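What follows is the residue order along each chain.
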Amino acid sequence: MLTGKTALVTGSTSGIGLGIARSLALHGANVILNGFGDVASAKAQVAEFEAQVGYHPADVSKPDEIAALIKYCEMEMGGVDILVNNAGIQHVAPIDEFPVERWDAVIAINLNSAFHTTRLLLPAMKARRWGRIINIASVHGLVASANKSAYVTAKHGLIGMTKAVALETATSAITVNAICPGWVLTPLVQRQVDARAQQDQVSNEEAKRRLLAEKQPSLQFTTPEQLGELTVFLCSPAADNIRGAAINVDGGWLAQ
Ligand code: NAD
């Protein structure tokens, strides 16, 4: 279905980004990966589907590195039809103890990076008369939790930007939407499980159960594969008129 399209997924060497990259490749897209860590393994997991796989090591907290990433996409991969702004980090602390450097990093990676990729890629999408921008926000773009002020601020901002850009592109074949997951068991969340296990002096399994029980009524983690398939759907013609939506995939978190 996505044959001939090229997708850029920021922060796609692990977790949700890697799951989305794999789904896009499974459905025929070529994929440009980005992020740190085990790049070879991520590349191999996407190449499994015979997609053309690119990679750029940009640190998306840095605008000049994002510009280099976009140049790479254009020069080496023929441009970007599908942009998935996924890179993100978390830091948990009350606001009066929040390290200034962590606040700046969360806002730069989770919010500002999507501004830079969007502003740099939109002109080419307009010229090609087709595009998809999918911002991986969070339930924390719609509601808050204590001790996550930077993350909640960034994700609310990302949903705001999603709506604004969706309006700016509303009469074109470019759509802009946000996906808002609840708990997904990725390295980002495993660190919070570990902290919970330590704090409550319980096993890893019990810490997971407690984390889910607080917020996610299904008591199930969403999987990266499920978010990947939703991303593919948002790229399909059936989703042509879904614009500026913030779609929660949260096991009932926001229904409460
Ligand atoms: P993860 O830690 O597994 O993956 C994060 C990815 O971003 C990695 O590939 C990492 O290398 C990359 N990354 C981090 N900093 C970067 C930087 N400066 N430049 C480039 N790449 C960078 O996390 P995840 O859970 O898969 O999270 C992915 C996205 O989903 C984030 O935006 C996160 O906020 C969002 N999200 C996650 C959950 C969850 O429960 N896991 C829930 C809601 C939203």
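As a reminder, the structure under discussion sits directly above these lines.
Just so it is clear, the structure is predicted and the values come from calculations on it, not from any experiment. (Residues numbered from 1 in each chain as written. Predicted model: local features only at pLDDT ≥ 70, side-chain atom pairs only at ≥ 80, totals over all residues. Heavy atoms only, no water.)

Would you mind going over the site of the ligand with me for this structure?
Close to the ligand lie 31 residues, the nearest being Thr13, Ser14, Asn86, Tyr151 and Thr186. Within the side chain of Ser14, a nitrogen or oxygen atom sits 2.7 Å from an oxygen atom of the ligand. One nitrogen or oxygen atom from the side chain of Lys155 is found 2.9 Å from an oxygen atom belonging to the ligand. Across the complex, the protein chains shield 94% of the 830 Å² of accessible surface that the ligand would expose by itself. Counting residues per element, the shell around the ligand draws most heavily on helix 6 (residues 187-200), which supplies 4 residues. (Near = heavy atom within 4 Å. Polar contact = N/O pair within 3.5 Å; in protein donor to acceptor, adjacent residues only side chain to side chain. Areas by Shrake-Rupley, 256 points an atom, 1.4 Å probe, with all protein chains shown as cover. Helix = DSSP H or I, 4+ residues; strand = E, 2+ residues; numbered from the N terminus.)

What's the story with the side chain of Gln192 in this structure? I'm lost.
Within the secondary structure, Gln192 sits in helix 6. According to the relative accessible area criterion, Gln192 is buried, its value standing at 15%. Every residue in contact with Gln192, bar those within four places of it in the chain, is listed here: Gln90, Lys148 and Trp183. (Buried < 20%, exposed > 50% of the residue type's maximum accessible area, 1.4 Å probe, protein only. Contact = heavy atoms within 4.5 Å.)

Please clarify how helix 4 (residues 100-128) should be interpreted in this entry.
An ideal rise of 1.5 Å per residue puts 42 Å on 29 residues; helix 4 measures up with 41 Å between its terminal C-alpha atoms. The largest bend in helix 4 is about 40°, located at Asn112. (Expected span 1.5 Å × (residues − 1). Bend = angle between axes of the 7 residues up to and from the residue.)

Quick question: what am I supposed to make of the layout of surface pockets here?
In this model, the largest pocket occupies a volume close to 740 Å³. As for the largest pocket, its lining consists of 37 residues, of which Asn86, Ala87, Gly88, Ile89 and Leu188 are closest to the centre. Within the residue set of the lining of the largest pocket, elements represented by two or more residues are helix 1 (15-26), helix 5 (149-168) and helix 6. With 5 residues, helix 6 is the largest single contributor of residues to the lining of the largest pocket. Partitioning the lining of the largest pocket into residue classes produces 18 nonpolar, 15 polar and 4 charged. Two domains each provide a minimum of three residues to the lining of the largest pocket, namely domain 1 (6-182 + 223-245) and domain 2 (185-221). Quantified by volume, the second largest pocket comes out at close to 460 Å³. For the second largest pocket, the lining is made up of 18 residues, of which Val92, Lys148, Trp183, Gln192 and Leu211 are closest to its centre. Residue assignment for the lining of the second largest pocket shows that the elements contributing at least two residues are helix 6 and helix 7 (204-215). Element by element, the count of residues in the lining of the second largest pocket is highest for helix 6, at 6 residues. (1 Å grid on protein atoms, 1.4 Å probe; cavity = no way out; pocket = protein on both sides within 12 Å on 5 of 7 lines; lining within 4 Å. Points joined across faces, edges and corners; volume = space filled by probe spheres on them. Nonpolar A, V, L, I, M, F, W, Y, C, P; charged D, E, K, R; others polar. Domains from an automatic or database assignment.)

Help me understand the nonpolar core in this model?
Generally speaking, a soluble globular protein has its nonpolar side chains buried in company with each other. Counting residues in each nonpolar core, the largest one holds 37 residues, and the members touching the most others are Leu8, Ile32, Cys73, Val80 and Leu83. If you list the elements that add at least two residues to this core, you get helix 3 (63-77), helix 4, helix 5 and strand 6 (174-181). Here Val80 is in contact with Thr6, Leu8, Ile32, Cys73, Leu121, Met125 and Arg128, once residues within four sequence places are set aside. (Core = buried A, V, L, I, M, F, W, Y, C linked by side-chain atoms within 4.5 Å.)

Hey, could you run me through the pairing of strand 5 (residues 131-136) in this one?
On a regular strand, one side chain projects to one face of the sheet and the next to the other, so that they alternate. For strand 5, the buried fraction is high: 6 of the 6 residues fall into the buried class. Of the two faces of strand 5, the one lined by Gly131, Ile133 and Asn135 and the one lined by Arg132, Ile134 and Ile136 are each fully buried. Bridge count for strand 4 (residues 82-85) against strand 5 is 4 bridges, and the pairing is parallel. For Asn85, the partnering residue across the bridge sits in strand 5 and is Asn135. Taken together, strand 4, helix 4 and strand 5 form a β-α-β motif whose crossover is right-handed. With 6 bridges joining them, strand 5 and strand 6 adopt parallel strand pairing. Pairing of Ile136 across the sheet is with Ile179, part of strand 6. (Pairing = 2+ DSSP bridges. Right-handed = clockwise from strand over helix to strand, strands pointing away.)

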